[in-house]
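Observations on chain architecture
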Amino acid sequence: MELIFCYNAESGKINSVIDFIHKTISPKTYSCNLCAITYNLKKTKKWDLFIQNFHLKIKFYYKSDLEKYDLINFKNQLPCCLVKKEDNFSLLIDKDTMNSLKDDAELIEMIETKINRC
């Protein structure tokens with residue numbers, strides 16, 4: 001089993017700079033709460049420690065990766081967190097829930113709670 005986080009953002013350094021400016025100037029209109037609560041100029045310390053120490057493998061994908069990894073069915077659920085069991089993917093945290101989270105601590109708590117039910 002592994003976790004896959006899908007950002008509602010594009011990859012690349014230029015896009016990262018644009019995203020940082022957007023979420024700084026107008027956070028309410030920024031479309032990727034996953035990015036907003038786990039990154040400033042770099043990963044938040046709490047999020048980085050969680051990723052490094054979590055017992056499951058974790059992957060991160062951007063919008064442009066969905067087709068490549070056969071996850072296009074989730075394009076309307078970004079940002080989200082998926083669980084991969086064998087070759088099956090299911091939503092662990094959907095778009096609405098992800099967008100309601102206030103910070104990385106809430107995200108981590110939700111992951112730990114939900115993953116224990118899987």
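Refer to the structure printed above.
Reference entry: report on the structure contained in this document. (Residues numbered from 1 in each chain as written. Predicted model: local features only at pLDDT ≥ 70, side-chain atom pairs only at ≥ 80, totals over all residues. Heavy atoms only, no water.)

Considerations on the overall build of the protein
- Assigned secondary structure in the protein consists of five helices and four strands.
- Written out in order from the N terminus, the α and β elements of the protein read β-α-α-α-β-β-β-α-α.
- Here the protein holds 118 residues, and the buried ones make up 37% of them.
- With an accessible surface of roughly 7,400 Å², the protein has 48% of that area assigned to carbon and sulfur atoms. (Helix = DSSP H or I, 4+ residues; strand = E, 2+ residues; numbered from the N terminus. Buried < 20%, exposed > 50% of the residue type's maximum accessible area, 1.4 Å probe, protein only. Areas by Shrake-Rupley, 256 points an atom, 1.4 Å probe, with all protein chains shown as cover.)

Describing the sheet that holds strand β2 (residues 57–61)
- Strand order across the open sheet formed by four strands is β2-β1-β3-β4, with mixed pairing between neighbours. Here the strands that pair on one side only, and so sit at the sheet edges, are β2 and β4 (88–93). Neighbour to neighbour, the strand axes of the sheet diverge by 30° on average, direction disregarded.
- As defined by bridge partners, strand β1 (residues 2–6) adjoins strand β3 (residues 80–85) across five bridges and the pair is classed as antiparallel. (Pairing = 2+ DSSP bridges. Axes fitted to C-alpha atoms, helices over the stretch in contact; angles between N-to-C directions.)

So, the packing of helix α3 (residues 45–53) against helix α5 (residues 104–115)
- α5 packs onto α3 with a crossing angle of 25° between their chain directions and a minimal axis gap of 9 Å. Taken together, the axis directions place α3 and α5 in an arrangement best described as roughly parallel. α3 and α5 meet at a crossing whose hand is left-handed. Facing α3, whose interface residues are K46, W47 and F50, α5 presents D104, A105, L107, I108, I111 and E112. (Parallel < 35°, antiparallel > 145°, perpendicular 65-115°, else oblique. Left-handed = near helix turned anticlockwise from the far one by under 90°. Contact = heavy atoms within 4.5 Å.)

Overview of α3
- Considered for burial, the residues of α3 that qualify are W47, F50 and I51. One side of α3 holds all its buried residues, which, seen down the axis, span an arc of 95°. In α3, those exposed residues whose orientation departs by more than 90 degrees from the buried face are K45, Q52 and N53.
- As for α3, its buried residues are in contact with β1, α2 (33–38), β2 and α5. (Arc of directions from axis to C-beta.)

Some remarks on the nonpolar core
- One finds L3, F5, W47, F50, F54, L107 and I111 to be the most contacted residues of the largest nonpolar core, which totals 24 residues.
- Mapped by element, the contributors of at least two residues to this core are β1, α2, α3, β3, β4 and α5.
- Per-element accounting of this core gives the leading share, four residues, to α5.
- Other than its neighbours up to four places away in sequence, F50 contacts I58, I108, I111 and E112.
- Of all hydrophobic cores here, the second largest spans nine residues; its members include C6, Y61, L71 and F74. (Core = buried A, V, L, I, M, F, W, Y, C linked by side-chain atoms within 4.5 Å.)

Some details on the pairing of β4
- Inspection of the sheet shows β3 paired to β4 by five bridges, in the antiparallel sense. Directly across from K85, in β4, lies its bridge partner N88.
- Connecting β3 to the next strand, β4, in antiparallel fashion are two residues, including E86 with a positive phi near 55°.

A short note on a negative patch on the surface
- On the surface, D103, E106, E109 and E112 cluster together into a negatively charged patch.
- The residue E112 is located in helix α5 in this model.
- E112 sits in the partly exposed class, given a relative accessible area of 38%. (Patch = residues over 30% accessible without salt bridge, like charges linked within 9 Å, V, L, I, M, F, W, Y side chains within 5 Å. Salt bridge = Lys/Arg side-chain N within 4 Å of Asp/Glu carboxyl O. Lys, Arg positive; Asp, Glu negative; His and termini not counted. Charge placed at Lys NZ, Arg CZ, Asp CG, Glu CD.)

The quantities given are spatial measurements derived from coordinates; they are silent on function.
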